[in-house]
Amino acid sequence: MDILITGLLLGGTYALIAMGLNLQYGMARIMNLANGEMLVAGGFAAFWLYNAGQVSPLLTVFLVAPLAFALNWLIYRVMLLPLVRRAKSRGQLEVDSILATFGLSFVAVGLMLMAFGGDYFSYSYLARPVSFLGDTYALNRMVAFLAAVVICGALYLWLERSRAGMSIRAIAVAPESARLVGIDVPRLAAIAFALGGAVTAAGGALISSFLTLDASTGVVFTLKALIIVIMGGVGDVRGTIVAALLLGVMETFVAALIDPGLTLAAAYLLFILILLFRPQGLFGQRTT
Amino acid sequence: MTGQELRALILSTLALAAAAALPALGSSYWLTMGVTIAMYTVLATSWALFSGPTHYISLATAAFFGVGTYTTAIGIELLPYWTLLPIAAALGAVMAALVGFATLRLSGVYFVIFTLGLAEFVRQIITWVQNLTGQKGLYVLTDLTEKHIYWQLLGLAALVYLAGWLIARSRLGFALRIIGDDEEVARHVGIDTALAKIVLFMVPGAVAAVAGAMLAPRYIYIEPSLAFTPMLSFQVVIMALLGGTGRLWGAVVGVIPFTLLWEAISASFPNQTTLLLGVAFLVIVYLLPRGFVGLLEDARRRLGGGGW
Amino acid sequence: MAVPSSSTPVLSLRGATKRFGGLVAVNNLDFDVMEHQVMGLIGPNGSGKSTTLNLISGALRPSAGSILLRGAPITHLRAHAIARRGVARTFQLVRVLPSMTVLENIRAGAVFGHRRRWGHEADAFATQMAEKVGLAGKLAMRVSQLTYIDTKRVELARALASEPRVLLLDEWLAGLNPTELGEGIALVRRLRDEGRTILLVEHVMDAIRSLCDACVVMAAGAKIAEGTPDEVLSDPEVIRAYLGEEDA
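Computed from a predicted model, the values in this text were never measured in an experiment. Each chain carries its own residue numbering, running from 1 in the written order of its sequence. Think of it this way: whatever chain is written first is A, whatever ligand is written first is 1, and the rest follow in order. Since the coordinates come from a predicted model, pLDDT governs what is reported: local features require at least 70, and pairs of side-chain atoms require 80 or more to be given and counted, while whole-chain, interface and lining totals use all residues. The side-chain values count all of the structure's non-hydrogen atoms but skip hydrogen atoms and water molecules.

### Observations concerning the overall build of chain B
Stage number 1. By the criteria applied, helices consist of DSSP H or I runs no shorter than four residues and strands consist of E runs no shorter than two, each listed in order from the N terminus. Looking only at helices and strands, one finds 14 helices and two strands in chain B.
Stage number 2. Within these notes, the globule rule equals 2.2 Å times the number of residues to the 0.38 power, and the radius of gyration is based on C-alpha atoms. Relative to its length of 308 residues, chain B is compact, with a C-alpha radius of gyration of 20 Å against a globular reference of 19 Å.
Stage number 3. We call two residues in contact whenever any of their non-hydrogen atoms come within 4.5 Å of each other. Contacts in chain B between residues at least 24 apart in sequence constitute 79% of all its contacts with a sequence separation of at least 6.
Stage number 4. When the accessible surface of chain B is split by element, carbon and sulfur atoms take 69% of a total near 13,300 Å².
Stage number 5. Charge assignment: positive for Lys and Arg, negative for Asp and Glu; neither His nor the chain ends contribute. In this description, the location of a charge corresponds to atom NZ of lysine, CZ of arginine, CG of aspartate or CD of glutamate. Here chain B contributes 16 positive and 14 negative side-chain charges, whose respective centroids are spaced 6 Å apart. Note that accessible areas follow from Shrake-Rupley with a 1.4 Å probe, and for residues the cover is restricted to the protein chains shown.

Here it is, written out as C-alpha cells:
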C-alpha cells in the first residue's frame, strides 16, 4: 500500500515533466531530446536559491518557469524554426531536430559541468515524515505531488478552455487546416514549445526537493518522459497523466521488491511492451 | 569488373597494406591511436551502411559493443578466442533483429529512443545479475597484444567494406536506395520495407559486437559501465555524419579528424568532451548536413563545371 | 474491343468499407473487374475513388469487407505483398524516385514486382517498357530533368515493368495539357488493346468514354451506378450527383 502511494506521488511529478515534453512533441512537433537538461537546470536553480537564501522550491517555480519559457521560445525561434522551414519532409525534420536537440543537450550538460562541476546536488527541504492513511511519507514528496497536480490541472484547463489553448490543440491535430482558419502556426508552435520547457523546468525545481540530481542525469529523465509520452499517446493529456502514474508505481515496485538499480530497465521493458502491442498509445485509436 | 571498380580495389588494397604496416613504426602512441581509429572506422562505416539509406539514427552501438565485450569476457574461460568472434557476431545480429522487429515498423523517433535506452537496459540487467552472483567484473587474460588487436580490427574493416560493396550491388542495396527515395513507392513496387531494414540493421549489430569482442582483451578487466558506455554510440553517430553517409568511404573521412580532435581535447580539457560532442552535433546539423563528402562533392562539381 | 472479356473476375470488392473516425469514406462497395477489362471508377471529388484504390493496393486497410485477387483474399495483406501478387499502381500526385535515372526508376518495378527479374534481364525488360510508354532515348536522364508527362510515363512504365495482373491508374491523365492528353489517351488505349486489365480513376470524360468498357460511379463513398460509360453518364442519379457537387 505504501509502495503504491509512493509510486503515485512520484508519478505525479513525472506527469508534469512528460506533459512538458508532450507540449513540445505533440503540439510543436519537435522531439526535444534536451528536455531533461531543462529539468536539471530547473533543479539546479532550486538548489542554488535554497542554499543561498532558503528560498522554497515552490517559490522558485515562479521564477524558473518564466525564465525557461523565454529561453525555450528563443531556442525554438533561433534554432528549430530554420529546421522546420528547410525540411522537405516530416522525416527530414525528425532527423534534423533529433540531432540538433541532442547537440543542445550535450552543450547544456557541458555548460552545467563547467559551471557546477560533476557533483551530486541535493538539499534538505521539508524532509519530515508525515503520516497518511496509516503509513508515513516524506512531506517534500507530498508537497511536490500537490504542486504538480495544481500545475497539471491549470495546464489542462488552459488547453481545454482558452482560445490559445484550443488553437494549440488545433495545430497538433491538423497544422495545415489550422493555417487555413487563420491560426499563426509558427507563433503558436513557439509558444507551445516554450510552455513545454517552462513546465519541465518547474517539474525539475519540484523534483529536486526529493531526488538527487547531477549535471548529466538529464538524459534519464528525457528517456522516462519519452516513454510516458509514447505510452500515453502523443498529444493526449489524459493519457500522459495515466501513463506517468503507471510508470511511477511500477518503478517504485521494482525498486522496493527487486533492485533499485533496475528502475530504468523496468521502464524500458514497459516501453517494449507498448511498442509491440499498442504503438498508438494506451488510449489511442489504431490507425493505418 | 569495370575500370573504376578495379581502381577502387587497387587503391583500397594499398591503403589497407599501408595501414597494416603502422605497428612497424614502433610508436606505441600511434599504435594506440591506430586501434582507436580502426575501431571507430569499423563502427561508423557499418553504422552508415544502415543509417545512410534508411535515415534511422541508431544509438545502439554501445549495446552491441558491450554484448560483444561480454561474449569474450564470459566465453574466454570456456572456448578458444577465435570461436568467440562468430558467436559475438551472431548475438549482435540476433539482438539487432529483435530491436528492428520491435521498432523499425514505427517512426524514426521511436527507434532513436529505443536504441538510446538499449545500452542502459542491458547494463542494468548485467549489473543486477552480477550483484546476485556477487561478482563485480570479469578478467580477460590473453596473450593478444595491441598489435594483434589492431590487425584484427583492420581485417574487420576490410570485411565491412566488402559487405558494403556487395550490398550496394545486390537487390537489397537497390531496395534500400528506393526506400531512401520514397518508402511509399518502395512498398508499392513490392519491397518488404520492414524486412529490408531489419536485415540491414543486423549488419551494424553484428559488426559492433565483433568489435567489442576484439577489444575485450585490451581492457583486461571488464565491468558493465566500461563495456556499455553510452558515449560510444554518440561518437559513432557524429563521426559517421561528419564524414557523410552517402559514400562507403565517407565514415573514415569523419573518423580520423574527429578522433584526433577528441584525443587533443580530452588530453588538455578533460571536462569539456561533452561540450565538444554537443558542438559537433550542431555543426553537423547547421553547417555540414551532408558531411565532408558533401563538401568534397560540391567542390568537385564546381570545378567540373556543372553536370551531375 | 480487341480482346474479348473472359468471365473470371481478376479483382473483386465485396462490401469494402473504410472509416476514418466517424467519417465513412468508402461504404460497402461491391464490384468486379474482369480479365482484359478496362474499368473506370468515377464520381465527384471526395466520393472515395482514390481511397478505394488505396484499399486495393494496400496503402490503407479496409475497416470491413473483402478484396479478392483472382478469388484469393488480399484484404489484410500489406502493400508489398499485394504488389507481388500482381497489383501495380500509379499515384494521384506523381511519385518518381528523385535520385535515380529513368531506367533505374522503371527497373524498380521489374526487380521487385509480380514477375521478378535481376541483372541484364531486368534492364532489358525495363528498357522495353520505357520504349512502350515513349521514353526511348531518355533512359539515362535523371527524373528531375523530365517534363511532367514524362514523369507520368516513368510511373506507368514502372508499374508495367512488374507485369501486373491488374493495373491501377489514379488520375493518370490529370494535369496534362490538350496535346499531352491526346498522347496519354492513345497510350492507355494501346495498353487496353494489348489486353491488359486496368482499373482507372479518372475525371476526364473524353478519356472515360473512349477507354472504359465499364464504369462504376461513386458518390459519398457508395456505388450509385454501374454499366457502360454511355449508360451511367445518362443515369439521372449520376447527373444529380455531379450537378449537386457544382451547386455546393
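### Regarding the interface of chain A and chain B
Interface size is often expressed as the accessible area that is lost when the parts come together.
Stage number 1. Taken together, the contacts link 42 residues of chain A with 41 residues of chain B.
Stage number 2. Its largest share of buried area at the contact with chain B, chain A owes to A:Leu99, A:Phe106 and A:Tyr268, together 20% of the area lost on that side.
Stage number 3. Salt-bridge detection follows one rule: a side-chain nitrogen of Lys or Arg within 4 Å of a carboxyl oxygen of Asp or Glu. Inspection of the chain A/chain B interface yields zero salt bridges.
Stage number 4. Polar contacts, as used here, are pairs of N or O atoms within 3.5 Å; protein pairs need one atom able to donate a hydrogen and one able to accept it. Residues neighboring in sequence count only if both atoms are side-chain atoms. Applying the counting criterion to the chain A and chain B interface returns eight residue pairs in polar contact (both at pLDDT 80 or more). A simple way to read buried area is as the amount of 1.4 Å-probe accessible surface that goes missing from two parts once joined, with both sides added.

### Overview of the pairing of strand S2 (residues 23-34) of chain C
Stage number 1. Strands were regarded as paired on the criterion that DSSP finds at least two bridges between them. Relative to S2(C), strand S1 (residues 9-20) of chain C runs antiparallel, the two sharing eight bridges. Residue C:Ala16 lies in a different strand from S2(C), and its bridge partner there is C:Leu29.

### Side note on the interface of chain B and chain C
Stage number 1. With 19 residues of chain B in contact, the opposing surface of chain C contributes 28 residues.
Stage number 2. Roughly 2,200 Å² of surface becomes buried between chain B and chain C when both sides are summed, with 62% attributable to carbon and sulfur atoms.
Stage number 3. Considering only the side of chain B, the residues that lose the most area to chain C are B:Arg171, B:Phe174 and B:His188, jointly responsible for 32% of the buried surface there.
Stage number 4. If you look at where chain B meets chain C, you find three salt bridges.
Stage number 5. When the shortest N-O distance is used, the salt bridge between C:Arg78 and B:Asp192 registers 3.8 Å.
Stage number 6. Those elements that place two or more of their residues in the side of chain B that touches chain C are helix H7 (171-181) and helix H8 (183-188) of chain B.
Stage number 7. Here the side of chain B that touches chain C takes six residues from H7(B), the largest share from any one element.

### Overview of the packing of aromatic side chains
Stage number 1. Here is the rule: rings of Phe, Tyr and Trp (six-membered ring for Trp) pair when centre to centre is within 6.5 Å. Planes less than 30 degrees apart are stacked, more than 60 are edge-to-face, and the remainder are tilted. Scanning the model with the defined rule gives 23 aromatic pairs over all chains in all.
Stage number 2. Centre to centre, the rings of B:Phe50 and B:Phe111 are 5.8 Å apart; their planes meet at 45 degrees, and the pair counts as tilted. Of this pair, B:Phe50 sits in helix H2 (residues 28-54) while B:Phe111 sits in helix H5 (residues 108-133), and the two are 61 residues apart along the sequence. B:Phe111 carries the same exposure label as B:Phe50, and that label is buried.
Stage number 3. With 5.3 Å between their ring centres and 75 degrees between their planes, B:Phe111 and B:Phe201 make a pair best called edge-to-face. One end of the pair, B:Phe111, is in helix H5; the other, B:Phe201, is in helix H9 (residues 193-219), and 90 residues separate them in sequence. The residues B:Phe111 and B:Phe201 share a single accessibility class, namely buried.
Stage number 4. Put simply, the rings of B:Phe50, B:Tyr56, B:Phe64, B:Phe111 and B:Phe201 pair up and form one aromatic cluster.
Stage number 5. The ring of C:Phe91 is capped by C:Arg95, whose NZ or CZ atom sits 5.5 Å from the centre of that ring.
Stage number 6. By definition, being over a ring means that NZ of Lys or CZ of Arg is both within 6 Å of the ring centre and within 35 degrees of the ring normal. The residue whose ring lies beneath C:Arg107 is B:Phe174, and the NZ or CZ to ring-centre distance is 4.6 Å. Burial classes: relative accessible area under 20% of the type maximum marks a residue as buried, over 50% as exposed, and values in between as partly exposed (1.4 Å probe, protein chains only).

### Quick notes on empty space enclosed by the protein
Stage number 1. A pocket, in this scheme, is an open set of points on a 1 Å grid over the protein atoms alone with protein on both sides within 12 Å along at least 5 of 7 lines, while a cavity is a set where a 1.4 Å probe fits but cannot get out; residues line either one if an atom lies within 4 Å of a point. Grid points are joined across faces, edges and corners, and a volume is the space filled by probe spheres set on the points. Applying the stated rule across the entire model yields nine cavities of 30 Å³ or more.
Stage number 2. Looking at the largest cavity, its volume works out to about 110 Å³.
Stage number 3. Mapped by element, the contributors of at least two residues to the lining of the largest cavity are H8 of chain B together with strand S6 (87-89) and helix H5 (148-160) of chain C.
Stage number 4. Counting residues per element, the lining of the largest cavity draws most heavily on S6(C), which supplies three residues.
Stage number 5. In terms of residue class, the lining of the largest cavity is made up of eight nonpolar, six polar and two charged. Amino acid classes used here: Ala, Val, Leu, Ile, Met, Phe, Trp, Tyr, Cys and Pro are nonpolar; Asp, Glu, Lys and Arg are charged; the rest, including Gly, are polar.

### Remarks on unusual backbone geometry
All names here are of chain C.
Stage number 1. Phi at Asn-28 is positive, roughly 50 degrees, even though this residue is not glycine.
Stage number 2. Within the fold, Asn-28 resides in strand S2.
Stage number 3. The backbone phi angle of Glu-163 is positive, close to 50 degrees, even though this residue is not glycine.
Stage number 4. Along the chain, Glu-163 falls in the loop between H5 and strand S7 (166-170).
Stage number 5. Residue Glu-163 is classed as partly exposed on the basis of its relative accessible area of 27%.

### Side note on the domain arrangement of chain C
Residue and element names in this part refer to chain C.
Stage number 1. One can read the domain layout of chain C as domain 1 (7-85 + 167-176 + 201-248) and domain 2 (87-164).
Stage number 2. Residue ranges for the domains trace back to a domain assignment, done automatically or taken from a database. Centre-to-centre, using C-alpha coordinates, domain 1 lies 25 Å away from domain 2.
Stage number 3. With both sides pooled, the region where domain 1 packs onto domain 2 buries about 1,600 Å², and carbon together with sulfur makes up 56% of that total.
Stage number 4. Ranking the residues of domain 1 by area buried against domain 2 places Arg-84, Leu-167 and Trp-172 at the top, with a combined share of 39%.

### A few points about H2(B)
Residues and elements named next belong to chain B.
Stage number 1. Taking 1.5 Å per residue as the helical rise, H2 with its 27 residues ought to reach 39 Å, and the 39 Å between its terminal C-alpha atoms agrees with that figure.
Stage number 2. Take the seven residues that end at a residue and the seven that start at it, fit an axis to each, and the angle between those axes is the bend at that residue. At Ala-48, H2 shows its strongest bend, of approximately 30 degrees.
Stage number 3. Structurally, the start of H2 carries an N-cap: the backbone nitrogen of Tyr-29 is 3.4 Å from a side-chain oxygen of Ser-27.
Stage number 4. The first or second residue beyond H2 is His-55, which carries a positive phi of 65 degrees. Multiply 1.5 Å by the residue count of a helix minus one, and that product is the helix's expected span.

### Topic: the nonpolar core
Stage number 1. In terms of nonpolar packing, the biggest core is built from 253 residues, with A:Phe102 and C:Ile106 touching the most fellow members.
Stage number 2. Of the residues that make up this core, three or more belong to each of domain 1 (7-85 + 167-176 + 201-248) and domain 2 (87-164) of chain C.
Stage number 3. Apart from the residues within four sequence positions on either side, A:Phe102 is in contact with A:Leu33, B:Leu59, B:Val112, B:Leu116, B:Phe234 and B:Phe281.
Stage number 4. Ranked by size, the runner-up nonpolar core spans 26 residues in total, among them C:Ala16, C:Leu69, C:Val166 and C:Ala214. Nine residue types can take part in a nonpolar core, namely buried Ala, Val, Leu, Ile, Met, Phe, Trp, Tyr and Cys, and a core is a set of them joined through side-chain atoms within 4.5 Å.

### Here's the deal with the environment of B:Val285
Stage number 1. Inspection of the secondary structure puts B:Val285 in helix H13 (residues 273-286).
Stage number 2. Residue B:Val285 is classed as buried on the basis of its relative accessible area of 2%.
Stage number 3. The spacing of B:Val285 and B:Thr193 is 92 residues in sequence and 27 Å in space, taken between C-alpha atoms.
Stage number 4. With residues up to four places along the chain from it excluded, the contact list for B:Val285 reads A:Leu83, A:Arg86, A:Asp96, A:Leu99 and A:Ala100.

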